[in-house]
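Chains, contacts and geometry: an overview
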Number of protein chains: 2
Amino acid sequence: METSQQYPQGFSAYACNVGIKDDTLDFGVVAADKVCPAAAVFTKNNYPGAPVVVGKEHIQDGLLQAIVVNSKNANVATGFEGIRNARNMCQYIADSIGIKTEDVLPSSTGVIGVPLPIDKILATCRKVKAGLQPGNLESFAQAILTTDSRTKISVRKIATLAGQEATVYGIAKGAGMIEPNMATMLSYIFTDADTTGIDLQVELRKAVDQSFNCITIDSDTSTSDTVVVMSSGYAGKVAISNFQSALLEVCIELAKKIVEDGEGVTKVIELDIVEARDEVQASRIGKSILNSPLIKTAIHGGDPNWGRFVMAIGKVFTEKIPYENLAIQIGGTDVKDADAQVLQTLSQYLQENSEIKIKVSLGSGQVSKRFWGCNLSEGYIKENAYYTT
Amino acid sequence: METSQQYPQGFSAYACNVGIKDDTLDFGVVAADKVCPAAAVFTKNNYPGAPVVVGKEHIQDGLLQAIVVNSKNANVATGFEGIRNARNMCQYIADSIGIKTEDVLPSSTGVIGVPLPIDKILATCRKVKAGLQPGNLESFAQAILTTDSRTKISVRKIATLAGQEATVYGIAKGAGMIEPNMATMLSYIFTDADTTGIDLQVELRKAVDQSFNCITIDSDTSTSDTVVVMSSGYAGKVAISNFQSALLEVCIELAKKIVEDGEGVTKVIELDIVEARDEVQASRIGKSILNSPLIKTAIHGGDPNWGRFVMAIGKVFTEKIPYENLAIQIGGTDVKDADAQVLQTLSQYLQENSEIKIKVSLGSGQVSKRFWGCNLSEGYIKENAYYTT
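Residues numbered from 1 in each chain as written. Chains lettered and ligands numbered in written order. Predicted model: local features only at pLDDT ≥ 70, side-chain atom pairs only at ≥ 80, totals over all residues. Heavy atoms only, no water.

1. Considering the packing of helix H8 (residues 279-291) of chain B against helix H10 (residues 307-314) of chain B
Residue and element names in this part refer to chain B.
- Put simply, H8 and H10 touch, their axes get as near as 8 Å, and they point 135° apart. Considering their axes alone, H8 and H10 lie oblique with respect to each other. Crossing geometry of H8 relative to H10 is assigned as right-handed. Contact with H8, carried on its side by Ile285, Ser288 and Ile289, involves Phe309, Ala312 and Ile313 of H10 and no other residues of that element.
- Partitioned by chemical class, the residues of the contact of H8 with H10 number five nonpolar, one polar and no charged. (Axes fitted to C-alpha atoms, helices over the stretch in contact; angles between N-to-C directions. Helix = DSSP H or I, 4+ residues; strand = E, 2+ residues; numbered from the N terminus. Parallel < 35°, antiparallel > 145°, perpendicular 65-115°, else oblique. Left-handed = near helix turned anticlockwise from the far one by under 90°. Contact = heavy atoms within 4.5 Å. Nonpolar A, V, L, I, M, F, W, Y, C, P; charged D, E, K, R; others polar.)

What follows is the structure, given as structure tokens:
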């Protein structure tokens, strides 16, 4: 499906196994053949990983030429040594390719609090240039995974002003420790659209707020969350509205893929909060519903226990929605005061579908916002009880 | 263990099966032989159950003479009918015993959104007087349970000023939907201490803030939370400091019993937050740690994944604790920068103990606060996935 003509022009990639934890791909680089306008958003966790600290410095001028990522170790809570390791990864990559260290953005994802096996990693960084192949972004998408079961890629085409075609190619990883807040997990978006005159940082923030920031798997906010967009510009100029749509669609598709592949996930919940006063109210209530263990387990078991929605909305103490104004629909069926017949319908809907559509109307205003979450299953427990051991 | 001399003087109880869900005890009444000074705190959930609405009215004058509770149905999200049912329960009890309706406090606990089988319940209320037996509080403690596996009772003795003995006898139920916030789940505390001159409401609030409000099982705040204290006064006056200590000890013991018997719980976490700026900071960080699914599953699996503590503390965006000021101890062992030897020690501690002691030092001030939480196990999922079906 991801054929070479889907790649944006100007990007090469390399992926390999460095041996950080096992023998799967755990190291990847994407390099552009020129310096690119770029933008990024990062985790708001108060203990960001060393790569986030270094990445924030390197993106300050709005320019990047390469990204280096290792999986299986997050390089978080690793002190000055961790910062030095992240800087060295950038420098060794830059030296190998012949670019500036400040144009390399590093990421690491995996266990927290364990020093990187830095010698192995730097030895690989040193010889990266020889391994880079034009396009080849799927192998990079593979290398950044941790407990993810599959790669997450989303591609959109945009018509250029000159009648040609530009590409927006997005890659993400997710799986656990996922409630992006003001930021997100790892995601990289490459485009050959010429974005001159478009404020990439503003557009990325807007897209992230409607996509990655609307998902939750387990309410835990990673210390490594990073989304980056880089534009080579080779395909030529595009209408800003087309670029906005493509960027948003790619971000939403990647966000949904992260939820679908969440740890132990077998059901995805698509939650529309409608008639909200504003986005803050919608987000508070949307997240309270999707983070409730009792709702997540009810969805898991196909149990039409709609009273738990009342509980989860009611525990947002700051948002007092009169009960009579509240409407809750599951699979298009109103659930308040459900009789036995309705409960039967709901139970059947929950058991037969793997994408559960829920609509909650607050009767407080005109704002609608969509969120995505998932069931809580025994599989999540199993994956996380023995992660480092 | 709970012998009759442990009962406070002046209270009688009755419990039976009404047939709300199955054939276990599901209905209980405690009645005093005189009107008692009383105080109560309730859930802050925005959709309180009908009994909470009625109970708030009846406690306003600081007096109660009886408590009526049914389990297996919460009488929440049941509209005007639900309110009328709660009022009728009080009235029928009052008529049977020959007391005032406004001196009866009702509670219901169980599934949300299902009308009470009110005819069966009122028929039982009508004949309650004949069933009341002096003391008999264990059968009441049994009748209020839902998914709890055992009764929760805590008793303390206080010397009276006249050299006699007064009793504080506390009862609670818990199990799931437990993160009491400003209030708690169902708990009833009976005493024969004469509390004239003691502000029961103030003392109850203080005790609750250090006990029930410091526990979390699953971060979900029930719509039915209620704690009540009633004092018959028969044993005579006590020193206020003795009463405070006994009340606090009873509340803490009941709170811990609720956590120990939480749904699917096999390990209890006792978390001390020390060197906090204030109680707000301690609570934000304490709750973030104990509600993190990744920490709860790591404790479940005996996985010494201490980086998850860094994540959970760091995701409290409002509380920026410099990383170098932060200290984390598990079972008395410092975990930051743990080497293989330390990880081995931690792993052994987590696997061999069912009460896990954790201390987190924030280096921000002088305030200490203790919290209790639990592991997240497959048992929690199983109990909650099929609750109503």
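That shown, we press on.
2. Some details on the interface of chain A and chain B
- At the junction of the two partners, chain A supplies 55 residues and chain B supplies 55 residues.
- Overall, the association of chain A and chain B removes approximately 4600 Å² of surface from exposure, summing both partners, and the carbon and sulfur fraction of that is 60%.
- Summed over the shared surface of chain A and chain B, the number is ten residue pairs in polar contact (both at pLDDT 80 or more).
- Within the residue set of the side of chain A that touches chain B, elements represented by two or more residues are helix H9 (293-301), helix H10 (307-314) and helix H12 (378-385) of chain A.
- Its residues assigned to classes, the side of chain A that touches chain B shows 25 nonpolar, 19 polar and eleven charged. (Buried area = accessible area lost by both parts, 1.4 Å probe. Polar contact = N/O pair within 3.5 Å; in protein donor to acceptor, adjacent residues only side chain to side chain.)

3. A few points about the relation of the copies chain A and chain B
- The transformation that overlays chain A on chain B combines an axial shift of 0.0 Å with a rotation of 180°, and the residual RMSD is 0.0 Å. Such a combination of rotation and displacement between the chain copies is what one expects of a two-fold axis. For chain A, the smallest separation between a C-alpha atom and the rotation axis is recorded for Glu378 of chain A, amounting to 2.6 Å.
- A shared interface surface links the copies, since 100% of the contact residues of chain A are contact residues in chain B too. (Least-squares fit on C-alpha atoms with pLDDT ≥ 70 in both.)

4. Describing the nonpolar core
- Counting residues in hydrophobic clusters, the biggest one holds 152 residues, and the most contacted among them are Ile273, Ile289 and Val360 of chain A together with Ile273, Ile289 and Val360 of chain B.
- If we skip the residues at most four places from it in the chain, Ile273 of chain B touches Ala282, Ile285, Gly286, Ile289, Val360, Leu362, Val367, Ser368, Lys369 and Phe371 of chain B. (Core = buried A, V, L, I, M, F, W, Y, C linked by side-chain atoms within 4.5 Å. Buried < 20%, exposed > 50% of the residue type's maximum accessible area, 1.4 Å probe, protein only.)

5. As for helix H3 (residues 118-126) of chain A
Residues and elements named next belong to chain A.
- Among the residues making up H3, those that are buried are Ile118, Ile121, Leu122, Thr124 and Cys125. The arc enclosing the buried residues of H3, seen along the axis, measures out at 160°, which places them on a common side. In H3, the exposed positions angled more than 90 degrees off the buried face are occupied by Asp119 and Arg126.
- Buried residues along H3 sit against strand E1 (11-16), strand E2 (27-42), strand E3 (63-73), helix H2 (79-97) and helix H4 (128-131). (Arc of directions from axis to C-beta.)

6. Quick notes on the side chain of Ser232 of chain B
Residues and elements named next belong to chain B.
- Within the secondary structure, Ser232 sits in strand E9 (residues 226-237).
- We classify Ser232 as buried; its relative accessible area is 2%.
- Within the structure, the side chain of Ser232 is placed 2.7 Å from the backbone oxygen of Gln9, a separation counted as a polar contact.

7. Here we look at the sheet that holds strand E12 (residues 333-334) of chain B
Residue and element names in this part refer to chain B.
- Strands sit in the order E12-E11-E13-E10-E14 across an open sheet of five strands; the sheet is mixed. Edge positions in the sheet fall to E12 and strand E14 (367-374), since each has one partner strand and no second.
- Pairing of strand E10 (residues 268-276) with strand E13 (residues 355-361), which is carried by seven bridges, proceeds in the parallel orientation. For Glu270, the partnering residue across the bridge sits in E13 and is Lys357. (Pairing = 2+ DSSP bridges.)

8. Description of helix H12 (residues 378-385) of chain B
- Within H12 of chain B, burial applies to Glu378, Tyr380, Ile381, Asn384 and Ala385 of chain B. The buried residues of H12 of chain B occupy an angular sector of 160° when the element is viewed end-on, so they sit on one face.
- If you follow the buried residues of H12 of chain B, they end up packed against H9, H10 and H12 of chain A together with helix H9 (293-301) of chain B.
- One side-chain oxygen at the N-terminal end of H12 of chain B lies 3.1 Å from the backbone nitrogen of Gly379 of chain B; it belongs to Ser377 of chain B.

9. Some remarks on the sheet that holds strand E11 (residues 327-330) of chain A
Residues and elements named next belong to chain A.
- Pairing in this open sheet of five strands is mixed, and the strands run E12-E11-E13-E10-E14 from one edge to the other. At either margin of the open sheet sits one strand with a lone partner, and together these are strand E12 (333-334) and strand E14 (367-374).
- Pairing between E11 and E12: two bridges, direction antiparallel. Following the sheet pairing, Gln329 is matched in E12 by Asp334.

10. Some details on the pattern of salt bridges
- The final tally for this structure, using the stated rule, is 40 salt bridges over all chains.
- Here Asp148 of chain B and Lys173 of chain B are joined by a salt bridge, their closest N and O atoms 3.8 Å apart. With Asp148 of chain B in the loop between helix H5 (137-143) and strand E6 (152-159) and Lys173 of chain B in the loop between strand E7 (165-172) and strand E8 (186-194), the pair connects residues that are 25 residues apart, well separated along the chain.
- In this structure Asp148 of chain B comes out as buried when scored by relative accessible area, which is 7%.
- One salt-bridge network, in which partners are shared between bridges, spans Lys256, Glu270, Asp272, Glu355, Lys357 and Arg370 of chain A. (Salt bridge = Lys/Arg side-chain N within 4 Å of Asp/Glu carboxyl O.)

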